[in-house]
Amino acid sequence: MNVDKANAALDSVYSADTPEGLAKAYADWAATYDSETASLGYLLPFLITAWVARHVPAGEGPLLDAGCGTGLSAPSLKALGYGEIAGLDLSDDMLKIAGSRNAYRDLKKAMLGGPLPWPDGHFRAFFSTGVFTISHAAATGLRELVRITRKGGHAIFTVRDQVFESGGFQAVFDELEQARKWRPVEQSPWFRCYAIAEPDALVKTFVFEVM
């Protein structure tokens, strides 16, 4: 069953203890990722478009899909009138599938937490789902994402409940706010990221305006 395979794949990515291990887990999962996460009722790549549309007028860009995976978000945003979308991911196999969707202008291999290959203030907004989660990107990766987002732009991303406190997200939020790098705009309640499976897997969406 797809659900069983998807749960096994989730266990594999959540248990990765090195960036290389995480990249390999996603390489192994890439070919069946879309169908298996669909079997779990994975909502985030599609739901994030609602927050993007709320804060970024259609046609404004460029946008960065930070941790784009197989590129599930970009076609929905393209349908909503956003044409200039870039993506980054740590997996070549995932990026290859994302590129086949013909919805990204630019795709780069990069890892959140390290330097990103764009200049200061390049993007109108970045969005990210399922990336700030167990054994994935650290909260400190937000600093570099904010650097490449222009003043008046937006940071729109989800954080998994299990890493919010242990991962020091509030401390990074406060640090960036006190440094006048961004200001909070909106946050959702905690909600399920899978409509069918994993009822205890909760995330929250955060929106900040970059200053």
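See the structure shown above.
One structure accompanies this document, and this report is about it. No experiment lies behind these values; they were computed from the predicted model shown.

Conventions adopted
- Residues numbered from 1 in each chain as written.
- Predicted model: local features only at pLDDT ≥ 70, side-chain atom pairs only at ≥ 80, totals over all residues.
- Heavy atoms only, no water.
- Buried < 20%, exposed > 50% of the residue type's maximum accessible area, 1.4 Å probe, protein only.
- Helix = DSSP H or I, 4+ residues; strand = E, 2+ residues; numbered from the N terminus.
- Pairing = 2+ DSSP bridges.
- Right-handed = clockwise from strand over helix to strand, strands pointing away.
- 1 Å grid on protein atoms, 1.4 Å probe; cavity = no way out; pocket = protein on both sides within 12 Å on 5 of 7 lines; lining within 4 Å.
- Points joined across faces, edges and corners; volume = space filled by probe spheres on them.
- Nonpolar A, V, L, I, M, F, W, Y, C, P; charged D, E, K, R; others polar.
- Polar contact = N/O pair within 3.5 Å; in protein donor to acceptor, adjacent residues only side chain to side chain.
- Phe/Tyr/Trp six-rings, centres within 6.5 Å; stacked < 30°, edge-to-face > 60°.
- Salt bridge = Lys/Arg side-chain N within 4 Å of Asp/Glu carboxyl O.

Quick notes on the pairing of strand 2 (residues 85-89)
Counting buried residues in strand 2 gives five out of five residues, a clear majority hidden from the surface. Residues I85, G87 and D89 point to one face of strand 2 and A86 and L88 to the other, with burial holding for every one of them. Where strand 1 (residues 63-66) lies against strand 2, four bridges are found, and the strand directions are parallel. Looking across to strand 2, one finds that L64 is bridged to A86. In this view, the connection linking strand 1 to its parallel neighbour strand 2 by way of helix 5 (residues 73-79) has right-handed handedness.

As for the layout of surface pockets
Empty space within the second largest pocket amounts to approximately 170 Å³. Along the walls of the second largest pocket sit G121, R143, V146, R147, T149, R150, K151, K181, V210 and M211, which together make up its complete lining. Breaking the lining of the second largest pocket down by element, the ones donating at least two residues are helix 7 (141-147) and strand 5 (149-160). The class makeup of the residues in the lining of the second largest pocket is three nonpolar, two polar and five charged.

Topic: the side chain of R160
Its location among the elements puts R160 in strand 5. Judged by its relative accessible area of 5%, R160 is buried. A polar contact is formed between the side chain of R160 and the side chain of Q162, at a distance of 2.8 Å.

A look at the packing of aromatic side chains
If you walk through the whole model with that rule in mind, you get 19 aromatic pairs. Ring geometry for F164 versus F206: centroids 5.6 Å apart, planes at 5°, classification stacked. One end of the pair, F164, is in helix 8 (residues 161-164); the other, F206, is in strand 8 (residues 202-210), and 42 residues separate them in sequence. The class for F206 is buried, based on a relative accessible area of 4%. Ring plane angle 70° and centroid distance 5.8 Å describe the contact between F173 and W182, whose orientation is recorded as edge-to-face. Summarising the burial analysis for this pair, F173 and W182 share the class buried. Members of the aromatic cluster, connected to one another through ring pairs, are F126, F132, F157, F164, F169, F173, W182, W190, F206 and F208.

Observations concerning the pairing of strand 5
Counting buried positions over the 12 residues of strand 5 gives nine, a clear majority of the element. Sheet topology places strand 4 (residues 123-132) next to strand 5; six bridges connect them, and they run parallel. By the bridge assignment for strand 5, F123 is matched with T149.

Overview of the pattern of salt bridges
Applying the stated criterion to the full structure yields nine salt bridges. As a salt-bridge pair, R160 and D161 come within 3.0 Å of each other at their nearest N and O atoms. Each member of the salt-bridge network shares a partner with another, and the members are D120, E144 and R147.

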